[in-house]
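As a plain string of letters, each chain reads:
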Amino acid sequence: MKITKAIVRKTAHLARLHFEEDKEKQMIQDLQQMVDWVEKLNEVNTDGVEPLTNMSYELNTYREDKETSHLPRNKVFKNAPKHNSEYFRVPKVIK
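Residues numbered from 1 in each chain as written. Predicted model: local features only at pLDDT ≥ 70, side-chain atom pairs only at ≥ 80, totals over all residues. Heavy atoms only, no water.

K.L.:
It is not clear to me how the overall build of the protein should be interpreted in this structure. Could you clarify?
P.N.:
From N to C terminus, the protein includes three helices and zero strands. Secondary structure elements in the protein, listed N-terminal to C-terminal, are α-α-α. Against the compact-globule benchmark of 12 Å for 95 residues, the protein has a radius of gyration of 27 Å, which places it well outside the compact range. C-alpha atoms of the protein, sized along the principal axes, occupy 60 × 45 × 20 Å. (Helix = DSSP H or I, 4+ residues; strand = E, 2+ residues; numbered from the N terminus. Rg over C-alpha atoms; globule rule 2.2 N^0.38 Å.)

K.L.:
So what exactly am I meant to see when it comes to the side chain of Glu24 here?
P.N.:
Tracing the backbone shows Glu24 in helix α2 (residues 21–40). Of the residues examined, Glu24 reaches a relative accessible area of 6% and is grouped as buried. Residue contacts for Glu24: discarding those within four places in its chain leaves Lys5, Val8, Arg9 and Phe19. (Buried < 20%, exposed > 50% of the residue type's maximum accessible area, 1.4 Å probe, protein only. Contact = heavy atoms within 4.5 Å.)

K.L.:
What am I meant to see in the packing of aromatic side chains here?
P.N.:
Two numbers describe a pair of aromatic rings. These are the distance of the centres and the angle of the planes. Tallying each qualifying case throughout the model produces one aromatic pair. Pairing Phe77 with Phe88 gives two aromatic rings, centres 5.1 Å apart and planes at 75 degrees, and the pair type is edge-to-face. Of this pair, Phe77 sits in helix α3 (residues 73–77) while Phe88 sits in the segment after α3, and the two are 11 residues apart along the sequence. (Phe/Tyr/Trp six-rings, centres within 6.5 Å; stacked < 30°, edge-to-face > 60°.)

K.L.:
Sorry, what's going on with the pattern of salt bridges here?
P.N.:
When charged atoms on two side chains of opposite charge get close, those side chains can pair. Under the counting rule described, the total for this entry stands at three salt bridges. Its salt-bridge partner being Glu21, residue Lys5 comes within 2.9 Å of it at the nearest N-O pair. Of the two residues, Lys5 is situated in helix α1 (residues 5–14) and Glu21 in helix α2; the sequence distance between them amounts to 16 residues. The class of Glu21 is partly exposed, set by a relative accessible area of 40%. In this structure, the salt-bridge partner of Glu24 is Arg9, at a minimum N-O distance of 2.9 Å. Here Arg9 lies in helix α1 and Glu24 lies in helix α2, a separation of 15 residues in the sequence. The partly exposed category is assigned to Arg9, whose relative accessible area is 45%. (Salt bridge = Lys/Arg side-chain N within 4 Å of Asp/Glu carboxyl O.)

Have a look at this one:
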């Protein structure tokens, strides 16, 4: 696959990036090197190799959920910059 200015510009547009002319040329070279390296993997003989979904055959070990004691509210709110009697108070993040 040949990386062109059009590909870089379209990808940059989709990623909301802007490159100066000299940086765009460097990006084309860098992307072309990456694509060439990935295409080199096509030369590897993978006949008889099972697809791999995980790097390890180990299984997750789960612990049983148990009810435990929790911190009292006054200790939890002790380090909170703002709070009321029941909740942490945080700045509004949605306009």
